[in-house]
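# Notes for the structure review
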Amino acid sequence: MIHAFVDEPIDYTGEQLRSLWIYRTFGIEGDAIVWFAGPCNVSGEHLVDQVDAAARDFIKAARMMHFIVEHFNGDLNHAILRQRLLVCMAGEVLRGELDGLRRVGDDLFIREKKLSVSIATVSPVSGLIHLAVNIDPTGAPVPACGLQEFGI
């Protein structure tokens, strides 16, 4: 799997979770993961979770570390499994730095505050994952915390 950190900030709107976004934006072919920091503001048609969309929910934070993954084999079950593995790996990396970190499903929490968001979906050609960890959760629609609160 090819991986790349993007040093420039990118505003995550949900539009990035579509077929070949990594290739079209960065020229990276095949299975890949890219990560970048930037604000998050997802609503309306870009919400993948249809329960959230029906409730007119939104996802927002002033600054997050975003991870976009695209795999070109497998179905939705494979994408969900890979999503859970990615969340578990992120939790393992952060566990040594953050007291009280726990995983519930595909999200990370510190005590009762949400630290991450994630979603897995499929397109006509690939499985896609978005995982984002709050840096500054300002604007979040739920009780949330961010890495900057903990000096990370």
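Everything here concerns the structure above.
Residues numbered from 1 in each chain as written. Predicted model: local features only at pLDDT ≥ 70, side-chain atom pairs only at ≥ 80, totals over all residues. Heavy atoms only, no water.

On to the overall build of the chain. Within the chain, the regular secondary structure consists of three helices and eight strands. Going residue by residue from the N terminus, the α and β elements of the chain occur as β-α-β-α-β-α-β-β-β-β-β. Computed over C-alpha atoms, the radius of gyration of the chain comes to 15 Å, within 12% of the 15 Å expected from 2.2 N^0.38 for 152 residues, which places it in the range of a compact globule. Along the first, second and third principal axes, the C-alpha set of the chain runs to 40 × 35 × 30 Å. Among the 152 residues that make up the chain, the fraction classed as buried is 42%. (Helix = DSSP H or I, 4+ residues; strand = E, 2+ residues; numbered from the N terminus. Rg over C-alpha atoms; globule rule 2.2 N^0.38 Å. Buried < 20%, exposed > 50% of the residue type's maximum accessible area, 1.4 Å probe, protein only.)

Before going further, it helps to examine the packing of aromatic side chains. A full pass over the atoms with the stated rule returns four aromatic pairs. Judged by centre distance (5.4 Å) and plane angle (85°), the ring pair of W21 and F26 falls under edge-to-face. Assessed through its relative accessible area of 7%, W21 is described here as buried. Plain terms: the ring middles of W21 and F36 are 6.1 Å apart, the flat faces sit at 50° to each other, and that makes the pair tilted. (Phe/Tyr/Trp six-rings, centres within 6.5 Å; stacked < 30°, edge-to-face > 60°.)

Along its 20 residues, helix α3 (residues 76–95) runs 28 Å from first to last C-alpha, staying within 8% of the 28 Å computed at 1.5 Å per residue. Within the sequence span of α3, burial applies to A79, Q83, L86, V87, A90, G91 and L94. Looking down the long axis of α3, one finds its buried residues gathered within 140° of arc, a one-sided arrangement. Turned more than 90 degrees from where α3 packs its buried face, N77, M89 and E92 sit exposed. Two or three places before N77, at the opening of α3, D75 has a side-chain oxygen 3.1 Å from that residue's backbone nitrogen. (Expected span 1.5 Å × (residues − 1). Arc of directions from axis to C-beta. Polar contact = N/O pair within 3.5 Å; in protein donor to acceptor, adjacent residues only side chain to side chain.)

Attention shifts here to the pattern of salt bridges. Tallied over the full model, the rule gives two salt bridges. K114 is paired through a salt bridge with D107; the nearest N and O atoms lie 3.5 Å apart. (Salt bridge = Lys/Arg side-chain N within 4 Å of Asp/Glu carboxyl O.)

What the rule picks out here adds up to zero disulfides. Cysteine C40 shares no disulfide, and the gap to the nearest cysteine sulfur, in C145, comes to 15 Å. (Disulfide = S-S within 2.5 Å.)

Overall, antiparallel pairing links the three strands, which are arranged β4-β5-β6 in an open sheet. Sheet topology places β4 (101–104) and β6 (113–114) at the edges, where each strand pairs with a single neighbour. In this sheet, strand β5 (residues 107–110) lies alongside β4 in antiparallel orientation, the contact comprising four bridges. If you follow R103 over to β5, its bridge partner there is L108. (Pairing = 2+ DSSP bridges.)

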